[in-house]
Amino acid sequence: MDDGSELSLTIAHIVQRLKGSHLHSQIERRAKECLHQPDIKLDSLKEDVRSFLKTSGWERQLQNAVYRELQVQLPPSHPAAPPEHLKEPLAYMRAAQAGWEKRVLKSLNSMSTELGVPLARMRPAAEQKELANKWNEMGTDEPDLASVRPVYAPKDFLEVLVSLRNPNHDGSEDVSVRSHWGLVQVPLNVRDIPQLRRAFSELNLTSGQLGIDDHAHIHPDLFENEYVQIGKKVVMEQDSAAAQQYSRQGCSTGLRADLWALILNSNNQPQDVMHYEQLTAGVIQHDLLVDNLIYKDVKLTASNDDYYFVFEDFLYQVLLCFSRDTAVLEHFKYNSATPPRSFIQGKGGEEECAVVYPPNGVIPFHGFSMYVAPLCFLYNEPSKLYSVFREMYIRYFFRLHSISSSPSGIVSLCLQFERLLQTHLPQLFYHLRQIGAQPLRIAFKWMVRAFSGYLSTDQLLLLWDRVLGYDSLEVVAVLAAAVFAFRAENLMEVTSLGSAEAVLADLSTLKVMPLIQIFLFATAI
Amino acid sequence: MSKYKLLSEHNTRTEGKQRLLHTKVLMNNKSEERGGRCVRYKCGQHTIQSVLRERPGWVEVKDEGEWDFTWCDVGWLKESFDNSYMEEHVRVNHFRNYYELSRKNLMVKNLKRYRKNLEKDVGHMEASKCDFFPCTFTLPSEYHLFVEEFKRSPGSTWIMKPVGKSQGKGIFLFRKLKDIMDWKKDGTRSEEQKDAAQVESYVVQRYIENPYLINGRKFDLRVYVLVTSYAPLKAWLYRDGFGRFSNTRFSLTSIDDKYVHLTNVAVQKTAPDYNPEKGCKWQMQQLRRYLTAKHGRETVESLFKEMDNIFVRSLQSVQRVIINDKHCFELYGYDIMLDHNLKPWLIEVNSSPSYIPSSQEDYEMKFRLLEDTLNVVDMEGRLTGKEKRVGGYDLMWNDGPVFREDVNLETSGSSCFTANTHLGCVNDREKQLRQLLKPFPRQKKM
């Protein structure tokens, strides 16, 4: 396909996506209204309306919407490619993902049978009323969760990734110095430091960074003040693409909420608020088994965290609604995962009676609530918090727990982490391997959560600034390797997996940007 | 080389778990004749004990030995002050009549008098800058004044606090006059409060009904202010501090539930669903970042400026009353509450804030705080006296406001000076101390 037709295909695709959207109707309405204005002349109608839309800010909003579509758009592919190829081109990965999903669903079904609780049920009226009253303090509710177990934990998922093999690749070469020492044994293409330096050029040692150059002893006039001024301008201009570019060097605390909302094009329009309210009504009406998983997860993770326990109620409000949001199903077009299906009671087996379960197709696992917790620091209103979280999930977080060949997918991140470590810290990797402490076994849990709950909040938000800025999760793998590099001296002295874990148990004092910067730009290659 | 001896004495009080810590530092001028340093003392868990123990050149003194420095509980103040003549270099960690600021009824009395004088001498605008404490009356002496105010605002909630107690003891809320009439008539209240009623007075204060909540939870702020002199007034503000959360969600429906309304950690610890693993505190830096993310930098900066105003004016209100003594310094723990408009309110000032740590992080913060307090007191004579910052302490008031910028002929015309306070900001004290202090030991001219 040549560039010209590719472009027109893309344009056609985006037009189709935005046609009939709320933004479309708003722009139409404004355009019709402006016809009454005196400066709109009949003979130059098109230009005048266009310039009106430009000055009133509507063009910018359209621009942002288009930009958003470009971000989530599927890469161009062969016209004859079936839809599952768009989700995941590699057949063996698709098969592995399908196998994993079967296991998860089986686990969920058996929990349902064990507990005698249906996957979904309608709440009786009294219960609905009670829940509506307690909506803002669901954390005070203490359902009996003793017999609820998380459906899976990250380490279960790691075992699946470790056992992944490409049937077309002959991996039987003898284990030698040149072979891969790590756990992930699939031949994916991941970027190494020279390529990362080019891709993440804004992080280099000569550019100012928030997280480094806003430190106490550096005079704010050298970088911070001007950078914050630029940030204010970006917010005023309401330009998504500019916000994304800006975020690469970090967002200042006071502007971050607006900048992230801009990058994700999450503007909390009335229809978004309405959608959220519909979801809360859904929560009140029906009880889902996965709700128990959510309760359990929040109680086990966020509620026990010094910094996130305050947000317990917010987390329920977001996650319970998330489970019921069928709009999330759209992202399965480009997610290698497929939403699980279940059958309405009594009609098992009949395809027409299959429903997606849970309604959003995402079964939460142990630690899932940590994707939401840091966002509570930024957004006050539940509907805004919800829409930002949902957008972040369907752009980034889903990749951290589904098997795919995407460069931001967890498989690639694991491989990238291992390769970076083996290439640049071979002595350390070899030592850890010898003592039975494969580095990935320690780093995996960090990467699955994009470090949420392991770093202090302000550092985590600086890391996520870059995830958004570069539209890639690779910086998470880089940070994992950089942490090992930072603690290499201590790690060289340990003699067991347990002591290696102890050295890396507490990351709360780490400053992420210096670590990433040094690892990428000061490592000899 | 002079020798210091640090002695500690432990007296376990019969009531409560409070361990009395009485530590002394001895400096022996005839040092050359003695042999090496000697560190002997009983071990305690009190944080100040550890700080003193780790300070190079400080030695504990037991019993009746001479001392240069004492960190004592207020109960021992009389003995410390009256029994011995103090040489010039000696330091004590309280002012003789510290209670003018820390006893609730006296603090209010001093604040009200200060405000009245300001109104008379300067004007209404200036006096309104003192409107940072909720309407308060001492009972039973101001009962009638209270009733007048009570009737003016029907339906509002009031809080009763015993003047001399701490850690939330004896505090309750009420909305009807009859609730405290009962108390006066000796009704259904507990033994403790009955005794309290006879022994001490109470203050009644208008309850802040719309506190600033974080996800439905109420919290208050603990801030540390060190005063090294009242005449002239010299006060330092520590960068660290913390917010203490109530474990349950805030609601006015059950005013009997003290766990909802009181945020002292001591009270929270006794709540039935208290989970010690569930943190109740946020470090000040975390809180400041959270507020900045929610409300923007300018709003939060003006909030912190208003808090500076509270600290300075509260100290000014007792400036003439406190008996100044160059031997004295005092580290106060201020309790501040924010309302939903982000206005800070002064709840009380503690002259003996607790140093018992609730977590490792809390221990480290309190350790730093005490270490830097000793750095400012400067028994070792390493400071010039012109410093604007020592470790985590920023000089907030030095007989006048202290500014970050250097004020000289060229800049004095400009009006954009920023206060030299950094509450909730990065506390990179170690680096600063390395640059500031010369290494131990150094002779101090006695």
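Residues numbered from 1 in each chain as written. Chains lettered and ligands numbered in written order. Predicted model: local features only at pLDDT ≥ 70, side-chain atom pairs only at ≥ 80, totals over all residues. Heavy atoms only, no water.

## Section: the overall build of chain A
Part 1 of the argument: Counting its secondary structure elements, chain A contains 24 helices and four strands.
Part 2 of the argument: In summary, chain A has a C-alpha radius of gyration of 24 Å against a globular reference of 24 Å for 525 residues, a match within 12%.
Part 3 of the argument: With the principal axes as the frame, chain A shows a C-alpha extent of 80 × 65 × 50 Å.
Part 4 of the argument: Buried positions account for 54% of the 525 residues belonging to chain A.
Part 5 of the argument: Relative to all contacts within chain A whose residues are 6 or more apart in sequence, the contacts with residues 24 or more apart total 77%. (Helix = DSSP H or I, 4+ residues; strand = E, 2+ residues; numbered from the N terminus. Rg over C-alpha atoms; globule rule 2.2 N^0.38 Å. Buried < 20%, exposed > 50% of the residue type's maximum accessible area, 1.4 Å probe, protein only. Contact = heavy atoms within 4.5 Å.)

## Brief notes about the overall build of chain B
Part 1 of the argument: A count of helices and strands for chain B gives 14 helices and 16 strands.
Part 2 of the argument: Taken over 446 residues, chain B has a buried fraction of 57%.
Part 3 of the argument: For chain B, the proportion of contacts with a sequence separation of at least 24, taken over those separated by at least 6, is 68%.
Part 4 of the argument: When the accessible surface of chain B is totalled, it reaches about 20,800 Å², and 50% of it is carbon and sulfur. (Areas by Shrake-Rupley, 256 points an atom, 1.4 Å probe, with all protein chains shown as cover.)

## A look at the nonpolar core
Part 1 of the argument: Counting residues in each nonpolar core, the largest one holds 221 residues, and the members touching the most others are Phe389, Trp446 and Phe484 of chain A together with Trp282 of chain B.
Part 2 of the argument: For this core, the leading source of residues is helix α21 (residues 474-486) of chain A, giving 10 residues.
Part 3 of the argument: With 30 residues, the next largest nonpolar core counts Leu52, Trp236, Phe242 and Met379 of chain B among its residues. (Core = buried A, V, L, I, M, F, W, Y, C linked by side-chain atoms within 4.5 Å.)

## A word on the sheet that holds strand β8 (residues 202-206) of chain B
Residues and elements named next belong to chain B.
Part 1 of the argument: Reading across from one edge, β5-β8-β6-β7 is the order of the four strands in this open sheet, with antiparallel pairing throughout. Where the open sheet ends on each side, the last strands, each with one partner, are β5 (136-139) and β7 (172-174). Across the sheet, the mean angle separating the axes of adjacent strands is 25 degrees when strand polarity is ignored.
Part 2 of the argument: Relative to β8, strand β6 (residues 158-162) runs antiparallel, the two sharing five bridges. Looking at the pairing, Ile159 lines up with Gln205 of β8.
Part 3 of the argument: Contacts from helix α4 (residues 104-121) reach β5, β6 and β8 within the one sheet, and its direction differs from that of β5 by about 130 degrees.
Part 4 of the argument: Sheet strands touched by helix α6 (residues 143-152): β5, β6, β7 and β8. Its angle to β5, the strand with the most contacts, is close to 140 degrees. (Pairing = 2+ DSSP bridges. Axes fitted to C-alpha atoms, helices over the stretch in contact; angles between N-to-C directions.)

## Here's the deal with helix α15 (residues 312-323) of chain A
Part 1 of the argument: With 12 residues, α15 of chain A should reach 16 Å at 1.5 Å per residue; the first-to-last C-alpha distance of 17 Å fits that figure.
Part 2 of the argument: For α15 of chain A, every residue scored as buried is listed here: Glu312, Asp313, Phe314, Leu315, Tyr316, Gln317, Val318, Leu319, Leu320, Cys321, Phe322 and Ser323 of chain A.
Part 3 of the argument: Residues of α15 of chain A that are buried sit in contact with α13 (270-285), β2 (286-288), α14 (289-300) and α16 (382-395) of chain A together with β10 (217-230) and β11 (233-249) of chain B. (Expected span 1.5 Å × (residues − 1).)

## Digging into the state of the cysteines
Part 1 of the argument: This structure, assessed with the given rule, holds zero disulfides over all chains.
Part 2 of the argument: Sulfur of Cys130 of chain B: no disulfide; nearest cysteine sulfur belongs to Cys135 of chain B and is 15 Å away. (Disulfide = S-S within 2.5 Å.)

## Some thoughts on empty space enclosed by the protein
Residue and element names in this part refer to chain A.
Part 1 of the argument: One pass over the structure, following the stated rule, counts six cavities of 30 Å³ or more.
Part 2 of the argument: Roughly 230 Å³ of internal volume is contained in the second largest cavity.
Part 3 of the argument: Lining the second largest cavity are 18 residues, and of these Gln97, Glu101, Ala337, Gly361 and Ile363 sit closest to its centre.
Part 4 of the argument: Considering every element that reaches the lining of the second largest cavity, the biggest residue donor is helix α6 (residues 91-115), with four residues. (1 Å grid on protein atoms, 1.4 Å probe; cavity = no way out; pocket = protein on both sides within 12 Å on 5 of 7 lines; lining within 4 Å. Points joined across faces, edges and corners; volume = space filled by probe spheres on them.)

## What about the domain arrangement of chain A?
Accessible area lost during the coming together of the parts is what is often quoted as the interface size.
All names here are of chain A.
Part 1 of the argument: Per the domain assignment, the segments of chain A are domain 1 (3-75) and domain 2 (193-248 + 399-521).
Part 2 of the argument: Computed from C-alpha atoms alone, the centre-to-centre distance between domain 1 and domain 2 is 38 Å.
Part 3 of the argument: With four residues of domain 1 in contact, the opposing surface of domain 2 contributes seven residues.
Part 4 of the argument: Roughly 550 Å² of surface becomes buried between domain 1 and domain 2 when both sides are summed, with 32% attributable to carbon and sulfur atoms.
Part 5 of the argument: Broken down residue by residue, the surface that domain 1 buries against domain 2 is led by Arg60, Asn64 and Tyr67, which jointly contribute 78%.
Part 6 of the argument: Connecting domain 1 to domain 2 are two salt bridges.
Part 7 of the argument: Salt-bridge contacts for Arg60 lead to Glu237; the nearest nitrogen and oxygen are separated by 3.5 Å.
Part 8 of the argument: Summed over the shared surface of domain 1 and domain 2, the result is five residue pairs in polar contact (both at pLDDT 80 or more).
Part 9 of the argument: Partitioning the side of domain 1 that touches domain 2 into residue classes produces one nonpolar, two polar and one charged. (Domains from an automatic or database assignment. Buried area = accessible area lost by both parts, 1.4 Å probe. Salt bridge = Lys/Arg side-chain N within 4 Å of Asp/Glu carboxyl O. Polar contact = N/O pair within 3.5 Å; in protein donor to acceptor, adjacent residues only side chain to side chain. Nonpolar A, V, L, I, M, F, W, Y, C, P; charged D, E, K, R; others polar.)

## A word on helix α13 (residues 360-377) of chain B
Each α-helix turn comprises 3.6 residues. Residues three or four places apart therefore point the same way.
All names here are of chain B.
Part 1 of the argument: Its 18 residues place the ends of α13 26 Å apart at the C-alpha level, agreeing with the 26 Å of an ideal helix rising 1.5 Å per residue.
Part 2 of the argument: Listing the buried residues of α13 in full gives Asp362, Met365, Lys366, Phe367, Leu369, Leu370, Asp372, Thr373, Leu374, Asn375, Val376 and Val377.
Part 3 of the argument: Immediately downstream of α13, the backbone of Asp378 shows phi near 55 degrees, a positive value.

## Thoughts on the interface of chain B and chain A
Part 1 of the argument: Contacts between the two partners involve 25 residues from chain B, matched on the other side by 27 residues from chain A.
Part 2 of the argument: Buried area between chain B and chain A, both sides added, is near 2,400 Å², and the carbon and sulfur share of it is 49%.
Part 3 of the argument: Where chain B packs against chain A, one counts four salt bridges.
Part 4 of the argument: Of the charged contacts, one joins Arg289 of chain B and Asp458 of chain A as a salt bridge, the two residues approaching to 3.5 Å between their closest N and O atoms.
Part 5 of the argument: Applying the counting rule to chain B against chain A returns eight residue pairs in polar contact (both at pLDDT 80 or more).

## Section: a nonpolar patch on the surface
Residue and element names in this part refer to chain A.
Part 1 of the argument: On the surface, Leu7, Ile11 and Val15 cluster together into a nonpolar patch covering about 280 Å² of accessible area.
Part 2 of the argument: Along the polypeptide, Val15 turns up in helix α1 (residues 3-18).
Part 3 of the argument: The exposure class assigned to Val15 is partly exposed, which follows from its relative accessible area of 44%. (Patch = residues over 30% accessible without salt bridge, like charges linked within 9 Å, V, L, I, M, F, W, Y side chains within 5 Å.)

## Some points on the confidence of the model for chain B
All names here are of chain B.
Part 1 of the argument: Of the residues in chain B, 73% have a pLDDT of 70 or more, and the chain-wide mean is 77.
Part 2 of the argument: Note on residues 185-189: pLDDT under 50 across the span, and seven contacts to partners over four residues away in sequence or across chains.
Part 3 of the argument: Prediction confidence for the complex, expressed as pTM and ipTM, is 0.79 and 0.70 respectively. (pLDDT = per-residue confidence, 0-100.)

## What to know about the packing of helix α20 (residues 457-470) of chain A against helix α24 (residues 512-521) of chain A
All names here are of chain A.
Part 1 of the argument: Running from amino to carboxyl end, α20 crosses α24 at an angle of 45 degrees, the nearest separation of the two axes being 9 Å. By the angle class used here, α20 and α24 are oblique. Contact residues: Gln459, Leu462, Leu463 and Arg466 in α20; Val512, Met513 and Ile516 in α24.
Part 2 of the argument: Tallied by class, residues from the contact of α20 with α24 come to five nonpolar, one polar and one charged. (Parallel < 35°, antiparallel > 145°, perpendicular 65-115°, else oblique.)

## Things to note about unusual backbone geometry
Part 1 of the argument: Note that the residue after Tyr357 of chain A, namely Pro358 of chain A, is joined by a cis bond; omega there is -10 degrees.
Part 2 of the argument: Cis rather than trans, the peptide bond between Ala231 of chain B and Pro232 of chain B has omega equal to 0 degrees.
Part 3 of the argument: Mapped onto the fold, Pro232 of chain B is located in the loop between β10 and β11.
Part 4 of the argument: Positive phi, close to 55 degrees, is recorded for Asn265 of chain A, a residue that is not glycine.
Part 5 of the argument: In this structure, Asn265 of chain A sits in the loop between α12 (253-263) and α13.
Part 6 of the argument: Despite not being glycine, Asn268 of chain A has its phi angle at roughly 50 degrees, a positive value.
Part 7 of the argument: Its place among the elements puts Asn268 of chain A in the loop between α12 and α13.
Part 8 of the argument: On the basis of relative accessibility, which here comes to 18%, the residue Asn268 of chain A falls in the buried class.

## Observations concerning the environment of Tyr276 of chain A
Residue and element names in this part refer to chain A.
Part 1 of the argument: Along the chain, Tyr276 turns up in helix α13.
Part 2 of the argument: Since its relative accessible area comes to 6%, Tyr276 is described here as buried.
Part 3 of the argument: Distance from Tyr276 to Glu391, taken between C-alpha atoms, is 14 Å for residues 115 residues apart in sequence.
Part 4 of the argument: Every residue in contact with Tyr276, bar those within four places of it in the chain, is listed here: Trp135, Gln317, Cys321, Pro382, Ser383 and Tyr386.

## A word on the packing of helix α11 (residues 284-295) of chain B against helix α12 (residues 297-317) of chain B
Residue and element names in this part refer to chain B.
Part 1 of the argument: At a minimum axis separation of 7 Å, α11 and α12 run at an interaxial angle of 135 degrees. Put simply, α11 runs oblique to α12. Contact residues: Arg288, Leu291, Thr292 and His295 in α11; Arg297, Thr299, Val300, Glu301, Leu303 and Phe304 in α12.
Part 2 of the argument: A class-by-class count of the residues in the contact of α11 with α12 yields four nonpolar, three polar and three charged.

## Quick word on the pairing of strand β13 (residues 330-338) of chain B
All names here are of chain B.
Part 1 of the argument: Where burial is concerned, most of β13 is hidden: nine out of the nine residues are buried.
Part 2 of the argument: Residues Glu330, Tyr332, Tyr334, Ile336 and Leu338 point to one face of β13 and Leu331, Gly333, Asp335 and Met337 to the other, with burial holding for every one of them.
Part 3 of the argument: Pairing of β10 with β13, which is carried by eight bridges, proceeds in the antiparallel orientation. Paired with Tyr224 across the bridge in β13 is Gly333.

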